[in-house]
Amino acid sequence: MDIRDKTKEELIQAIEELQIKYDSLKAVHENNFAVQTKADEILKENERKLREAQEMAHLGYWDWDVITGEVKWSEEVFKIFRLDLKEFSPQIESILSLSPWPEDHRRDLELMKTATESHTPGSYEQKFIRPDNSIGYYYSTFQGKYDKNGTLLSIFGTVLDITERKLAEEKIRTSEEKYKQLFDNISDHVFILDVTDEQRFKVLAVNPVHEKTIGTLRPGCYIEECLSDEVAHVVIQNYRRCLFEQNRFTYEENFSGYDFYTQLIPVKDSNGKVYRIIGIARDITNEKNLTNQLIRQNEEFKVLNKELIAAREVLRESEAKFRNLFEHSPVGKSISGHDGYLDVNKAFCDIVGYSEAELKSMSWTDITHEEDIAITNETLRSLLDGTRLSAQYEKRYVHKNGNIVWVLVSDYLQRTTNGEPDFFITNITDITTRKYNEERIRVLSLAIEQNPVCIMITDPEGFIEYVNPRFTQTTGYRSDEVIGQNPRMFNTGVSSNEEYRHMWETIVAGNEWHGSFQNLKKDGATYYVTAVISPIFDEEKRITHYLAVMEDITKQIQAENLIRTLSKAIEQSPSSIIITNAEGNIEFVNNKFKSAMQYTLDEVKGKKPRIFNEGHLEGETFDLM
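Residues numbered from 1 in each chain as written. Predicted model: local features only at pLDDT ≥ 70, side-chain atom pairs only at ≥ 80, totals over all residues. Heavy atoms only, no water.

This paragraph deals with the overall build of the chain. Looking only at helices and strands, one finds 22 helices and 22 strands in the chain. Relative to its full complement of 625 residues, the chain shows a buried share of 31%. With an accessible surface of roughly 40,200 Å², the chain has 53% of that area assigned to carbon and sulfur atoms. (Helix = DSSP H or I, 4+ residues; strand = E, 2+ residues; numbered from the N terminus. Buried < 20%, exposed > 50% of the residue type's maximum accessible area, 1.4 Å probe, protein only. Areas by Shrake-Rupley, 256 points an atom, 1.4 Å probe, with all protein chains shown as cover.)

Moving on, we come to empty space enclosed by the protein. With the rule as written, the count across this model stands at 3 cavities of 30 Å³ or more. As a volume, the largest cavity reaches approximately 120 Å³. F191, H210, L217, E253 and F255 are, among the 13 residues lining the largest cavity, the residues nearest its centre. Those elements that place two or more of their residues in the lining of the largest cavity are β6 (189-195), α8 (229-245) and β8 (249-255). (1 Å grid on protein atoms, 1.4 Å probe; cavity = no way out; pocket = protein on both sides within 12 Å on 5 of 7 lines; lining within 4 Å. Points joined across faces, edges and corners; volume = space filled by probe spheres on them.)

In this structure, strand β11 (residues 332-336) lies alongside strand β15 (residues 421-430), joined through 5 bridges in antiparallel fashion. By the bridge assignment, G332 is partnered in β15 with I428. Here strand β14 (residues 404-415) hands over to β15 after 5 residues, with G419 in that stretch at a positive phi of 90 degrees. (Pairing = 2+ DSSP bridges.)

Scanning the model with the defined rule gives 26 salt bridges in all. Note that R165 and E125 form a salt bridge whose closest N and O atoms lie 2.8 Å from each other. Remark: E125 occurs in strand β3 (residues 122-129) and R165 occurs in helix α5 (residues 163-185); sequence separation between them is 40 residues. (Salt bridge = Lys/Arg side-chain N within 4 Å of Asp/Glu carboxyl O.)

If you walk across this open sheet you meet the 5 strands as β17-β16-β20-β19-β18, and the pairing is antiparallel. Each edge of the open sheet is held by one strand with a lone partner, namely β17 (464-467) and β18 (513-520). When strand polarity is set aside, the average angle formed by the axes of neighbouring strands in this sheet is 30 degrees. Where strand β16 (residues 454-458) and strand β20 (residues 543-552) come together, 5 bridges link them in antiparallel fashion. Paired with I457 across the bridge in β20 is L547. The sheet strands contacting helix α18 (residues 497-508) are β18, β19 (526-537) and β20, and the helix crosses β18 at an angle near 135 degrees. (Axes fitted to C-alpha atoms, helices over the stretch in contact; angles between N-to-C directions. Contact = heavy atoms within 4.5 Å.)

A few words now on the nonpolar core. Ranked by internal contacts, the top residues of the largest apolar core, which has 26 residues, are F201, I223, Y239 and I277. Elements that contribute at least two residues to this core include exactly β6, β7 (201-206), α7 (223-226), α8, β8, β9 (258-268) and β10 (274-283). Those residues in contact with I277, other than ones at most four positions away along the chain, are F191, I192, L193, V195, F201, Y239, C242, L264 and I265. (Core = buried A, V, L, I, M, F, W, Y, C linked by side-chain atoms within 4.5 Å.)

Structurally, Q518 can be placed in strand β18. Taking the C-alpha atoms as reference, Q518 lies 9.9 Å from I553; in sequence the two are 35 residues apart. With residues near it in sequence (within four places) discarded, Q518 still touches F490, T492, V494, T526, Y527 and Y528.

So, on to the confidence of the model for the chain. Chain-level pLDDT for the chain is 80 on average; 84% of the residues reach the 70-or-more range. No element of the chain has a lower mean pLDDT than helix α1 (residues 8-57), at 55, and none a higher one than β17, at 90. (pLDDT = per-residue confidence, 0-100.)

If you want it as C-alpha cells, here you go:
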C-alpha cells in the first residue's frame, strides 16, 4: 500500500514506531561509542603500562621479515643498544656489526635455523659493543611465523638487557675463583662439615694440603666413617661444643702424628641455626718441636747463666769463659739492655754487615726492618711481663748495604736474683737462603698447578707420581686414580711397540724426546697430544724422575680429518663442482667437471664461468645470475 493511501492515525502510528526504532538505534550507537571510547582508553592505558613495564624490565621486541629482509625494532631495543632510532637503521648487516664476533653469529643463526625448521620457539644470549665501546649483553627469544603451507614468513622475538646480571655473574665467578685459589693453596688444613638434624657431621670438602698430608677426612663421608672410634669420639665432642656455643672455638690436638692448632667456625642460616662448620687446622708440629727444643735450650741457658753469675761473683775468669763462648759461637748472639744497648758477637756482625763498634752505638730498632719492629716489641713485652719465658720467631734485618736479611730469632730474658728484668739474650740464625728457596718452591709449584698444558712426573721406572689439574681435566681421571700407575693405561694400541721402545731409549739415555700420542680418556674417548718428555737429574747426574709436558691437540686433529674428508668428498663427487671467488673467477673444479668438460684446472682457473656459454643464454642473464 502506498503511504498516500494511509489514514492519519496509521501515519502517526508509523511515525511513532520509526521514532522508537530511531531512539533505539541512537541508544545502541551511543552505547557502542561509549564502549569503543572506554576500550580505546583501556587499550591506551594497557599500552602505556606495557611500555613502562618494558622500559623497567629493559625488554624490547623485534620483527624480521625473511622475505623482504626488513627488520623492525621497538623503541626499547634502541635504548638497550644505546642507539638513536632516527640515525640507526636496523638491517641484518648493521645489526651484525654491533656484535663483531663471527663465532657468535654462526651459533645464533644455527639456533634460529634449528628452531624455525622445527616450528618451535628458541633463545640465545649475545654480547654487543655499545657506542662508548663498552660491552653489553642481551637475551633474545624468538619464534617463526608461517603461512598455511608452513612456509616461514618472518621471525619475531624479544630482547632483554642482561648486562647487569652478566657482570654480576662475572664478579661472582671471579670471587669464587679467588676463594677457590685461596682454598686450594692455603698452607693450613681446611675442612668443611655439614651438620645434620641428628647432629652428625658430614665432610663436604677438604683442601689439597689435607689430602696430600693426612687424607683421613673424605668428602661425602661422616666423621665416624673416617676416623677410629677413639679419635672420632674426641673430635665430635669438639664439634658439638662449637655447635652448642654457636661461636668460634679453638683448641690444640694431636692427629695422625701431627700437632694442630684448630679453629672451628660455625656458619648459621637465616634463622640463626648452625648448619655448617668450617675448620682451619694449622700444623704446629714443627713449632711444638721448636718450642720444646727452645725450652730445653732455655733451661740450658738458665743453668749457664746461673753458673756465669755465680762464677762472676767468685772468679773473674768465668767472665772470660763466657765471653769466649759468646764471641766464637757460629750462631749470631746479642745481649741488649732496656736502653737498647747492643753487645754482639762476630757472627752477628757478619749477618748485618756492621762492625761491633758501630753496633754499640745503635739500637736493635736501627737494624730491624720497619715492618718487623712491632712484632719484636710485642715479643719483648711478653717476655718482660712474664707472659712467655722465651720466644722464637722470624724477622728481617736491614744489612748495612741495604739488603734484607731473614733471621730466626730466639729471645730469652735474664732476670736478677730478685726476679727483676736484667738483660735479653738473643740467638740469631741467618735463614735468608732458606726463605728464598721456600718462595722459589712455592712459585714453581703454582706455575705447575696452574699450567694450561698437561704435566706428568714419573719415577725412573715410569710409574706416575704427579699429575697437574689440567691433566685430570683432559683425561677425566682424578689424581689418586693415576698415581702409582704406568702411563700405558692410556695407550690405545695405535702406536707401535717400536715407537715406545725408541722413546724409552731416548729418555733413559738422558735425552729429550718429542712426539705425539693417541690416548684414551677415562670415559673411553680418544684424544691426541703432542708430548715432550725430559729426564730430571740429581746433583750427581743420575736420573731421578721423568717430566712429560703434553698439549691436547684433539680439536686440531679432528679439524684436519674433517678437511681431508670434505676434500675427498668434493673430489669424488659424481656432480661437476666449480668454486669461484667473490668476483666470480674460477678457483677450483673437481674431477667430474674435468672429465665432463674436457678442461684442466689450469685452463679455466681465473676465468669466469661464461666461457662455457655457447650463446644459449644472453650476457644479461649471466650478469643477473
